[in-house]
Amino acid sequence: MTYDARFPALSDLKNCAERRIPKFVWEYLDSGTGSEATKARNRSALDKVGLMPSILHGEFTPDLTTSFLGADLPLPFGIAPVGMSGLMWPDAERYLAQSANRLGIPYTLSTVATAAPEDIQNVLGENGWFQMYPPRDEGIRRDMLKRARASGFTTLVLTVDVPVASRRERQTRSGLTNPPRLTPRLLAQVALRPAWALGMAHRGMPHMRMLDAYANAATNNLPVNAHVGYLLRTSPDWDYVKWLRDAWQGPFVVKGVLRGKDAERLQGLGVDAVWVSNHAGRQFDAAPATIDVLPAIRRATTLPIIFDSGIEGGLDILRALASGANFVMLGRAWHYALAALGPEGPDHLAHILKSDLIANMGQLGARSLRTLPKPFKLD
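Numbers given for residues are sequential positions, taken from 1 along each chain in its written order. Per-residue local features are limited, in this predicted model, to residues with pLDDT of at least 70; the limit for side-chain atom pairs, both in listing and counting, is 80 or more; totals at the level of whole chains, interfaces and linings are taken over all residues. Only hydrogens and water are set aside; all other atoms, that is, all heavy atoms of the structure, feed into the side-chain values.

1. Thoughts on the layout of surface pockets
This is how the line gets drawn: Grid points spaced at 1 Å over the protein atoms alone were grouped into cavities, where a 1.4 Å probe fits but cannot get out, and pockets, open sets with protein on both sides within 12 Å along at least five of seven lines, with lining residues defined by an atom within 4 Å of a point. Grid points are joined across faces, edges and corners, and a volume is the space filled by probe spheres set on the points. Runs of E in the DSSP output that reach at least two residues are strands. Runs of H or I that reach at least four are helices, and both are numbered from the N terminus. Amino acids outside the nonpolar list (Ala, Val, Leu, Ile, Met, Phe, Trp, Tyr, Cys, Pro) and the charged list (Asp, Glu, Lys, Arg) are all regarded as polar, and Gly is one of them.
Approximately 520 Å³ is the volume attributed to the second largest pocket. Lining the second largest pocket are 22 residues, and of these Val160, Asp161, Gly256, Val257 and Asp262 lie nearest its centre. Of all the elements in the fold, those that place two or more residues in the lining of the second largest pocket are helix H13 (238–247), strand E8 (252–257) and helix H14 (260–268). The element that contributes the greatest number of residues to the lining of the second largest pocket is E8, accounting for 3 residues. Considered class by class, the residues forming the lining of the second largest pocket number 13 nonpolar, 5 polar and 4 charged.

2. Quick look at the environment of Phe77
Cut-off, in case you're wondering: When a residue's accessible area, from a 1.4 Å probe over protein chains only, is under 20% of the maximum for its type it is buried; when over 50% it is exposed; and in between it is partly exposed. Throughout, a contact is declared for two residues whenever any of their heavy atoms are within 4.5 Å.
With respect to the helices, strands and loops of the structure, Phe77 is situated in strand E4 (residues 77–79). Judged by relative accessible area, which is 0%, Phe77 ranks as buried. For the pair Phe77 and Met329, spaced 252 residues apart in sequence, the C-alpha separation works out to 5.4 Å. Contact partners of Phe77, with chain neighbours within four places excluded, come to Ile105, Pro106, Ile317, Phe327, Val328, Leu330, Trp334, Ala350, Leu353 and Leu357.

3. Overview of unusual backbone geometry
We note that Arg168 has phi near 45 degrees; this positive angle belongs to a residue other than glycine. Looking at the secondary structure, you find Arg168 in the loop between strand E7 (155–159) and helix H9 (169–173). The residue Ala280 is not glycine, and still its phi comes out positive at about 55 degrees. Within the secondary structure, Ala280 is located in the loop between strand E9 (273–276) and helix H15 (290–300).

4. Focus: the environment of Ser110
To keep things clear, this is the line we draw: Polar contact criterion, stated in full: a pair of N or O atoms within 3.5 Å, where within protein one must be able to donate a hydrogen and the other to accept it, and residues adjacent in sequence count only if both atoms are side-chain atoms.
On the secondary structure map, Ser110 appears in strand E5 (residues 107–110). Judged by its relative accessible area of 3%, Ser110 is buried. When the C-alpha positions of Ser110 and Ala80 are compared, they lie 8.6 Å apart, and in sequence the two are 30 residues distant. With sequence-adjacent residues up to four places away left out, Ser110 is seen in contact with Pro81, Val82, Gly83, Gln131 and Tyr133. A polar contact of 3.1 Å, which involves the side chain of Ser110, links it to the backbone nitrogen of Val112.

5. Details of the side chain of Glu36
Of note, Glu36 is situated in the loop between helix H3 (23–30) and helix H4 (37–47). The exposure class of Glu36 is buried, given its relative accessible area of 16%. Polar side-chain contacts of Glu36 include one of 2.7 Å to the backbone nitrogen of Gly32. Once residues within four sequence positions are removed from consideration, Glu36 is found in contact with Asp30, Ser31, Arg170 and Asp285.

6. A word on the nonpolar core
To keep it simple, the criterion reads: Residues enter a nonpolar core if they are buried and are Ala, Val, Leu, Ile, Met, Phe, Trp, Tyr or Cys, with the set joined through side-chain atoms within 4.5 Å.
Ranked by internal contacts, the top residues of the largest apolar core, which has 108 residues, are Phe77 and Trp334. Ranked by size, the runner-up nonpolar core spans 11 residues in total, among them Phe68, Ala80, Trp275 and Ile306.

7. Examining the pattern of salt bridges
How we decide: One side-chain nitrogen of Lys or Arg within 4 Å of one carboxyl oxygen of Asp or Glu is enough to make a salt bridge.
A full pass over the atoms with the stated rule returns 20 salt bridges. The shortest N-O distance in the salt bridge between Lys242 and Asp246 comes to 3.5 Å. Taken together, the residues Lys242 and Asp246, both in helix H13 and 4 residues apart, mark about one turn of the helix. A salt bridge links Arg319 to Asp316, with the nearest nitrogen and oxygen atoms 2.9 Å apart. With Arg319 and Asp316 both in helix H16 (residues 314–322), this residue pair falls 3 residues apart, about one helical turn. Pair check on accessibility: Arg319 and Asp316 agree, each one buried.

8. Things to note about the packing of aromatic side chains
What counts, and what does not: Pairing of aromatic side chains requires ring centres within 6.5 Å, counting the rings of Phe and Tyr and the six-membered ring of Trp. Pairs whose planes differ by under 30 degrees are stacked, by over 60 edge-to-face, and all others tilted. By definition here, charges over rings are those cases where NZ of Lys or CZ of Arg is within 6 Å of the ring centre and within 35 degrees of the ring normal.
With the rule as written, the count across this model stands at 8 aromatic pairs. Taking 5.6 Å as the distance between ring centres and 35 degrees as the angle between the ring planes, the aromatic pair formed by Trp26 and Tyr336 counts as tilted. With Trp26 in helix H3 and Tyr336 in helix H17 (residues 332–341), this residue pair connects regions lying 310 residues apart in the sequence. Note on Trp26: relative accessible area 6%, which makes it buried. Under the relative-accessibility criterion, Tyr336 is labelled buried at 5%. A centroid spacing of 6.4 Å and a plane angle of 20 degrees characterise the contact between Phe68 and Trp129, whose relative ring orientation is stacked. Here Trp129 lies in strand E6 (residues 128–132) and Phe68 lies in strand E2 (residues 66–68), a separation of 61 residues in the sequence. Above the ring of Trp243, the side-chain terminus of Arg141 is found at 4.6 Å from the ring centroid. Here the guanidinium or amino end of Lys255 rests over the ring plane of Trp275, the centre of that ring lying 5.4 Å away.

9. As for empty space enclosed by the protein
With a probe scaled to a water molecule rolled over the atoms, the places where space remains empty come into view. Tallying each qualifying case throughout the model produces 2 cavities of 30 Å³ or more. Put simply, the second largest cavity is a space of about 40 Å³. Ala80, Pro81, Val82, Ser85, Glu93, Leu96, Tyr107, Thr108, Leu109, Ser110, Ala113 and His335 together form the lining of the second largest cavity. Going through the elements one at a time, helix H6 (92–103) and E5 are the ones with two or more residues in the lining of the second largest cavity. Sort the elements by how many residues they give to the lining of the second largest cavity and E5 lands first, with 4 residues.

Right under this line is the structure:
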């Protein structure tokens, strides 16, 4: 039986992933913060974005190509940064970077990934993006930028929507600590997931490899859902953004924008794109759905806009593009795919998304992403 028959949608990969990874890993990947109202709000708001079908356009194959930040890309979506990727599946960052390279789409490595930039430079390709959680120390900051550049990363992404650690109660209840420590409770969960356990046995329990060079022993007072990165980073301000803009020679993106006036000010500082995101509901449980604020941000800036949070298929990608985004990123989805199918998962997810885009663009009579209809609100 083919993957298309068994896993025709992201939801199928998600269900399979939950059965293949330990519960504490699933809770880390799938959870939000608080009561997870923001996570639910993202989904609900996307479902209310309507696109009017159009008929009698004859036979055509939709053009899915796009240009973004100076690159001609075959697809309008990419891979967002996810901390501790290698916890979800062994060697996750390498598999994701390889898949992105094959597909010709951006892959974004997190500062707090389980692979350092140097670990994946040989499989990165031309669309490597590096996501930075802002270090307080200028020397560490400069060194991170130097390492990312030397490893072939061309685009810098500064995440600004994590001024403090969120509580992520569901993750805390799971017993997960950072770095992960296998207590008897967690070992019992691992024993039920042999494929995951075998992979981890070969590679060792993951940790945040980029931070090895900067870590110190003063981690005893951290909360269980925090990590050494919280000792190194700060809550950035506008001067911090300006410093990074001057220090990084290449495309520079600011991630975590929800207000039009902030996008307008970032444009004035020379940022190359803004990333509209509420951290997929993992930071603040009273945040608006990203799709609801996207049109106002589009009106406030002429900068290219990246969109994430809540995307579950090609139709959601079209909803975001029709509402003002220029490019779409997915994070959790790629890790559901990895956990479900291992190294073959990311390519199959890309196939699902591409097929869904083509099918829905056919219904809309949209020959390209530039001819999508204006969205409207469904009841």
